[in-house]
Amino acid sequence: MAIISRMAVVLGASGLVGGFCLRILVDDTDTSRVLTFGRRELPLLTRAKVTQRVAELGSLTAEDFQGVQDVYCALGTTIRKAGSQEAFRRVDLEMPLRAAQEALKAGAEQFIVVSSVGADAESKNFYLRTKGEMERELARLPFKAIHILRPSLLIGKRAEFRLGEAIAMKIAPALDLLTLGSLRKYHSMRAEMAGRAMVAAAKQNKNGTNIYEYQGIVNLAS
């Protein structure tokens, strides 16, 4: 069943996956309007369908989400860029959760978010634990549907240089040959695929919390 005349918000539209998600929504005939929030306007987003609002993501309120059905969240950083674990948690946990809570108050129906393969609220790894905590807290919110994507390494050109990812992308083709069976979820993918899968997930008319790892994301994007 197609979802007609939806209004969407994209959080993290200036990032790699969020940027692809936004481009797909702009061309999506089922989405009538797209809002983005950020510290600055993005000069390339001049399409009439897109409304950009300059705002601190940590201070969004229900008023900012009025009329929105679908919230797409691709917020994410690195501990190195954030400067500390506390700052990292603000971006990868607190901001998505705050946005989800406020969007829910405004009547949003779906929250679609990019997490990480291996996310686990009980993990000893700080990064994976933070992602797992985000998933756990989002799943407690009474949205009609929550869609959680858990990609592994995302291939694409980011605005900022990340040494670790640059190295990983160089060796990804070799490592991908080893991702068989239960290891398949660690297979790398193009960021565009994740962005396309976010939009496809929202069109399924599913309820509850839905989690997609590598093959699930590929199936959505195809």
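Since the structure is predicted, the reported quantities are computational estimates derived from the model, not experimental observations.

S.K.: I keep staring at the overall build of the chain and nothing clicks. Help me out?
M.R.: Each helix and strand counted, the chain has seven helices and nine strands in total. Here the chain holds 222 residues, and 49% of them are scored as buried. Once local pairs closer than 6 in sequence are excluded, the contacts in the chain between residues at least 24 apart make up 67%. Of the roughly 11100 Å² of accessible surface on the chain, 53% is carried by carbon and sulfur atoms.

S.K.: Quick question: what am I supposed to make of empty space enclosed by the protein here?
M.R.: Where empty space is left can be seen by rolling a probe of water-molecule size over the atoms. A full pass over the atoms with the stated rule returns one cavity of 30 Å³ or more. Within this model, the largest cavity holds a volume of roughly 60 Å³. When contributions to the lining of the largest cavity are tallied by element, the ones reaching two or more residues are strand E4 (70-73) and helix H6 (191-202). The residue inventory of the lining of the largest cavity, partitioned by class, reads five nonpolar, one polar and five charged.

S.K.: Can you walk me through the pattern of salt bridges in this structure?
M.R.: Following the criterion strictly, the structure yields 16 salt bridges and no others. The residue Glu133 makes a salt bridge to Arg89 at a minimum N-O spacing of 2.7 Å. In this pair, Glu133 is assigned in helix H4 (residues 126-139) and Arg89 in helix H3 (residues 85-105), connecting sequence segments 44 residues apart. The buried category is assigned to Glu133, whose relative accessible area is 13%. Since its relative accessible area comes to 26%, Arg89 is described here as partly exposed. Between Arg98 and Glu102 there is a salt bridge; the shortest N-O distance is 3.8 Å.

S.K.: Mind showing me how you'd approach the nonpolar core here?
M.R.: Side chains of nonpolar character tend, in soluble globular proteins, to be buried together. Residues Val17, Leu25, Tyr72 and Met198 are the most contacted members of the largest nonpolar core, which totals 34 residues. When residues of this core are traced back to their parent elements, those giving at least two are strand E1 (6-11), helix H1 (16-27), strand E5 (110-114), H6 and helix H7 (214-221). If one sorts the elements of this core by residue count, H6 sits on top with nine residues. In contact with Leu25, other than residues within four places in its own chain, are Ala8, Val10, Thr31, Val34, Lys49, Tyr72 and Val199.

S.K.: In this structure, what is going on with the sheet that holds strand E3 (residues 50-54)? I would like to understand it.
M.R.: Backbone hydrogen bonds are what pair the strands of a sheet, in a parallel or an antiparallel way. With parallel pairing, seven strands are arranged side by side in an open sheet as E3-E2-E1-E4-E5-E6-E9. Each edge of the open sheet carries a strand with a single partner, namely E3 and strand E9 (208-212). Pairwise comparison of adjacent strand axes, ignoring direction, gives a mean angle of 15° for this sheet. The sheet strands contacting H3 are E1, E4 and E5, and the helix crosses E5 at an angle near 170°.

S.K.: Got a minute to help me understand the packing of H3 against H4 in this structure?
M.R.: The description of two helices packed together rests on the angle between their axes and the distance between the axes. Between H3 and H4, whose axes approach to 10 Å, the crossing angle comes to 15°. In terms of their interaxial angle, H3 and H4 are classed as roughly parallel. Helix-helix and strand crossings are classified by hand; for H3 and H4 the assignment is right-handed. Facing H3, whose interface residues are Gln85, Phe88, Arg89, Asp92, Leu93, Pro96, Leu97 and Ala100, H4 presents Phe126, Tyr127, Thr130, Lys131, Glu133, Met134, Glu137 and Leu138. Within the contact of H3 with H4, the residues separate by chemical class into nine nonpolar, two polar and five charged.

S.K.: How do you make sense of H3 when you look at a structure like this?
M.R.: Residues spaced three or four apart along an α-helix face the same direction, because each turn holds 3.6 residues. Compared with an ideal rise of 1.5 Å per residue, which puts 21 residues at 30 Å, H3 spans 29 Å between its outermost C-alpha atoms and is within 8% of the ideal. Where H3 bends most, the angle comes to about 35°, and this point is Glu94, followed within four residues by the proline Pro96. Structurally, H3 contributes buried residues whose contacts are with E1, E4, helix H2 (79-82), E5 and H4. Remark: Gly107 follows H3 within two positions and exhibits a positive phi of approximately 100°.

S.K.: In this structure, what is going on with the side chain of Ser115? I would like to understand it.
M.R.: By secondary structure assignment, the location of Ser115 is in the loop between E5 and H4. Excluding residues within four positions of it along the chain, Ser115 makes contact with Lys131, Met134, Glu135, Ile148, Leu149, Arg150 and Pro151.

Parameters and conventions
- Residues numbered from 1 in each chain as written.
- Predicted model: local features only at pLDDT ≥ 70, side-chain atom pairs only at ≥ 80, totals over all residues.
- Heavy atoms only, no water.
- Helix = DSSP H or I, 4+ residues; strand = E, 2+ residues; numbered from the N terminus.
- Buried < 20%, exposed > 50% of the residue type's maximum accessible area, 1.4 Å probe, protein only.
- Contact = heavy atoms within 4.5 Å.
- Areas by Shrake-Rupley, 256 points an atom, 1.4 Å probe, with all protein chains shown as cover.
- 1 Å grid on protein atoms, 1.4 Å probe; cavity = no way out; pocket = protein on both sides within 12 Å on 5 of 7 lines; lining within 4 Å.
- Points joined across faces, edges and corners; volume = space filled by probe spheres on them.
- Nonpolar A, V, L, I, M, F, W, Y, C, P; charged D, E, K, R; others polar.
- Salt bridge = Lys/Arg side-chain N within 4 Å of Asp/Glu carboxyl O.
- Core = buried A, V, L, I, M, F, W, Y, C linked by side-chain atoms within 4.5 Å.
- Pairing = 2+ DSSP bridges.
- Axes fitted to C-alpha atoms, helices over the stretch in contact; angles between N-to-C directions.
- Parallel < 35°, antiparallel > 145°, perpendicular 65-115°, else oblique.
- Left-handed = near helix turned anticlockwise from the far one by under 90°.
- Expected span 1.5 Å × (residues − 1).
- Bend = angle between axes of the 7 residues up to and from the residue.

Spatial relationships are all this shows, so hold off on functional conclusions.
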